[in-house]
Amino acid sequence: MLNALSFDVEDYFQVTGFERVVSRADWEKFEPRFQIGLAKILETLERHEVRATFFFLGWIAERYPEAVREVARRGHEIGIHGYEHRLIYEQTPEAFEADLRRAIEAVRKSYDGPILGHRAPSFSIRHDSLWALEVLNGLGFRYDSSIFPFKRERYGIDGAPTRPYKVCGGMLEFPMSTVSVLGKILPVAGGGYLRLYPYAVTKHAIAAMNADGRPAMVYIHPWELDPEQPVINADLGNRVRHRVNLNKTEARLEALCRDFRFGPAREVLGI
Ligand SMILES: [Zn+2]
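Residues numbered from 1 in each chain as written. Predicted model: local features only at pLDDT ≥ 70, side-chain atom pairs only at ≥ 80, totals over all residues. Heavy atoms only, no water.

### Some details on the packing of helix 1 (residues 34-48) against helix 9 (residues 249-259)
Working step 1: Two elements in contact, helix 1 and helix 9, have axes separated by 10 Å at closest approach and are oriented at 20 degrees. It follows from the interaxial angle that helix 1 and helix 9 lie roughly parallel. Helix-helix and strand crossings are classified by hand; for helix 1 and helix 9 the assignment is right-handed. Taken together, the residues of helix 9 that come into contact with helix 1 (itself represented by Lys40, Ile41, Thr44, Leu45, Arg47 and His48) are Glu250, Leu253, Glu254, Cys257 and Arg258.
Working step 2: Split into classes, the residues belonging to the contact of helix 1 with helix 9 amount to four nonpolar, two polar and five charged. (Axes fitted to C-alpha atoms, helices over the stretch in contact; angles between N-to-C directions. Helix = DSSP H or I, 4+ residues; strand = E, 2+ residues; numbered from the N terminus. Parallel < 35°, antiparallel > 145°, perpendicular 65-115°, else oblique. Left-handed = near helix turned anticlockwise from the far one by under 90°. Contact = heavy atoms within 4.5 Å. Nonpolar A, V, L, I, M, F, W, Y, C, P; charged D, E, K, R; others polar.)

### Some remarks on helix 3 (residues 65-73)
Working step 1: Those residues of helix 3 not exposed but buried are Ala67, Val68 and Val71. For helix 3, the buried positions fall inside an angular range of 100 degrees around the axis, keeping them on one side.
Working step 2: Looking at the buried positions of helix 3, the neighbouring elements they touch are helix 1, strand 2 (53-56), helix 2 (58-63), strand 3 (77-80) and helix 4 (93-108).
Working step 3: Looking at the residues trailing helix 3, positive phi occurs at Gly75, about 90 degrees. (Buried < 20%, exposed > 50% of the residue type's maximum accessible area, 1.4 Å probe, protein only. Arc of directions from axis to C-beta.)

### Concerning the side chain of His76
Working step 1: Residue position: His76 is located in the loop between helix 3 and strand 3.
Working step 2: A polar contact of 3.0 Å, which involves the side chain of His76, links it to the backbone nitrogen of Ala52.
Working step 3: The contact partners of His76, leaving out residues within four places of it in the chain, are Leu42, Leu45, Val50, Arg51, Ala52, Phe54 and Val71. (Polar contact = N/O pair within 3.5 Å; in protein donor to acceptor, adjacent residues only side chain to side chain.)

### Remarks on helix 7 (residues 199-211)
Working step 1: Helix length check: helix 7 (13 residues) gives 18 Å between terminal C-alpha atoms against 18 Å at 1.5 Å per residue, within 8%.
Working step 2: Along helix 7, the residues classified as buried are Tyr199, Thr202, Ala205, Ile206, Met209 and Asn210. Projected down its long axis, helix 7 carries its buried residues within an arc of 135 degrees, all on one side. Set apart from the buried face of helix 7 by more than 90 degrees, the exposed residues are Ala200, His204 and Ala211.
Working step 3: Against the buried residues of helix 7 lie strand 1 (2-9), strand 8 (178-181), helix 6 (191-196), strand 10 (217-220) and helix 9.
Working step 4: Positive backbone phi, at 80 degrees, marks Gly213, one or two positions downstream of helix 7. (Expected span 1.5 Å × (residues − 1).)

### Focus on the environment of Arg126
Working step 1: Its location among the elements puts Arg126 in the loop between strand 4 (117-118) and helix 5 (131-138).
Working step 2: What makes Arg126 buried here is its relative accessible area of 16%.
Working step 3: Spatially, the C-alpha atom of Arg126 lies 9.8 Å from that of Phe150, the residues being 24 residues apart in sequence.
Working step 4: Excluding residues within four positions of it along the chain, Arg126 makes contact with Tyr89, Lys151, Glu153, Arg154, Tyr155, Gly156 and Ile157.

### Overview of the environment of Ile78
Working step 1: Along the chain, Ile78 turns up in strand 3.
Working step 2: Note: C-alpha distance between Ile78 and Glu228 (150 residues apart in sequence) is 27 Å.
Working step 3: Non-local contacts of Ile78, meaning those with residues more than four positions away in its chain, are made with Phe54, Phe56, Val68, Val71, Ala72, Val107, Tyr111, Pro114, Ile115 and Leu116.

This is how it looks when you write it as structure tokens:
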């Protein structure tokens, strides 16, 4: 079964967990490092002949057009991850639309192919921001991949479908992957969860999803393949969540490519 492999292209200092200690006005002051992880990702995918989806942060695309160009040149799908990495439920629909338009414009500077997909910063489409799907549909997006089908502290919608489904205007939602273990729903196959669980757990979970006829949505960030990145002086919880097992991501991506079939989200959705 074909599963989706996706990368949210942002830098380590732009994550929501550091928002309180790193202001957007200071992003320019950090030495960019996303290229380190991105190079490892592109090399691994090339070796396994796997193509994937890269959701670019507009801020990155604007400053590093060569990164967008290189990813597209290698045959990967280009999607949007917002411009300023703002949580959608903290924005008005108008502000969200303006941020999206800015991101699309930034990507368009170096890429003129189709832009079909969107990934919200920190999965911030939940009950109080479902209007975001209408905004995306209005801008011509064909799918979104941002909804975690169970409630966490900052994101998720309890009871949302766990396989791709239609939302407004025929647009599709490709939900983040979860499995049910002993009656409990567990998030799997991406980001901190991919780093935290032993690989055998992730492998078992994706196999279980596939046996159930559900494609997995794996998501990884370039900074997760850069264990040498500087430590940001955030609170302990965010610091630990950000850094746990950073040195294991590269091998896990390698193992995933070896053990499962992957493609860009648009291909899994058949669009
Ligand atoms: Zn992000």
